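The primary structure of each chain is shown beneath.
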Amino acid sequence: MPLFPITMDIKEELLDQLEIKDVFTIPFINVTIDEATVVSWIIMAVITVIAILLTRNLKVNGEISKRQQILEICMEKMMNFFDNILGEHGREFMPWLMSTAIFIGASNMIGLFGFKPPTKSMQVTAAMAISSIILVQIAGVKKKGLKKHLGSFTKPVWIVTPINILELFIKPLSLCMRLFGNVLGAFIIMELIKSVIFLKFGVPVAFSLYFDLFDGFLQAYIFVFLTAIYVQEAVE
């Protein structure tokens, strides 16, 4: 008898957990909404409600509450982080980057509440990666103007123009696959750990805290860090 017996239905369980199932279909237009989309809506709604509650009755003058003190400290830390990457020319893009970091972090840790992380769906990670690269191009056009931004694709010499254009597709692909691959890999490892009967008590909780919390926020950090680097390259 093996020391760590594994359940026989682990393959079926993994396939079931990895499958993104349809939830409902919008009538008349015949559009199907899947689990990843619904969970994303839930996350955005919860984040919006929390943001409204946390930012109520903020003061500019006078004594401020502990809640506002904590918010200001967090805001200052995040602004200093992005300032070091973007500089003063990229401050206008900080709200988007911060919102993206919060959404990805919440999406990765929502598995603690029994939901399937939407970042486990390729369509979600691809949409976020594409939107990030669109933001980069908007930043470049806004800073340099359309003509100079298009001209930057010929730098440092015109012969590298095809490679620079190819980067428009490589960058979102790398962002998408990195986020999707890490979230998927962490999920598979957790399912394999849970399948070992010997480890069913206590130990999976510790691994869950690592993969759902630490690793989840780490992936959010990497995603927005790389996006900020791309924006900085576009506006410099």
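Anything mentioned here points back to the structure above.
These notes cover the structure that comes with them. (Residues numbered from 1 in each chain as written. Predicted model: local features only at pLDDT ≥ 70, side-chain atom pairs only at ≥ 80, totals over all residues. Heavy atoms only, no water.)

Here the focus is the packing of helix H4 (residues 94–109) against helix H5 (residues 122–144). Where H4 meets H5, the axes come as close as 12 Å, and the angle between the chain directions of the two elements is 170°. By the angle class used here, H4 and H5 are roughly antiparallel. Contact residues: Trp96, Thr100, Phe103 and Ile104 in H4; Met128, Ser131, Ser132 and Leu135 in H5. Of the residues contributing to the contact of H4 with H5, the split by class is five nonpolar, three polar and no charged. (Axes fitted to C-alpha atoms, helices over the stretch in contact; angles between N-to-C directions. Helix = DSSP H or I, 4+ residues; strand = E, 2+ residues; numbered from the N terminus. Parallel < 35°, antiparallel > 145°, perpendicular 65-115°, else oblique. Contact = heavy atoms within 4.5 Å. Nonpolar A, V, L, I, M, F, W, Y, C, P; charged D, E, K, R; others polar.)

What follows is about the packing of aromatic side chains. Any two aromatic rings considered together are summarised by their centre-to-centre distance and by the angle between their planes. Applying the stated criterion to the full structure yields four aromatic pairs. Between phenylalanine 81 and phenylalanine 82 the ring centres are 5.0 Å apart and the planes differ by 70°, which places this aromatic pair in the edge-to-face class. Between phenylalanine 81 and tyrosine 221, the ring centres sit 5.5 Å apart and the planes meet at 45°, which makes this aromatic pair tilted. Separated by 140 residues along the polypeptide, phenylalanine 81 in helix H3 (residues 66–86) and tyrosine 221 in helix H8 (residues 203–235) bring together distant segments of the chain. Overall, the relative accessible area of 25% leaves phenylalanine 81 in the partly exposed class. By relative accessible area, which is 40% here, tyrosine 221 ends up partly exposed. By the ring-pair criterion, three or more aromatic residues cluster together here, those being Phe81, Phe82, Tyr221 and Phe225. (Phe/Tyr/Trp six-rings, centres within 6.5 Å; stacked < 30°, edge-to-face > 60°. Buried < 20%, exposed > 50% of the residue type's maximum accessible area, 1.4 Å probe, protein only.)

To continue, consider the pattern of salt bridges. This structure, assessed with the given rule, holds three salt bridges. A salt bridge links lysine 142 to glutamate 92, with the nearest nitrogen and oxygen atoms 2.6 Å apart. Of the two residues, lysine 142 sits in helix H5 while glutamate 92 sits in the loop between H3 and H4, which places them 50 residues apart along the sequence. Overall, the relative accessible area of 56% leaves lysine 142 in the exposed class. (Salt bridge = Lys/Arg side-chain N within 4 Å of Asp/Glu carboxyl O.)

Any functional reading would require information beyond the geometric quantities listed.
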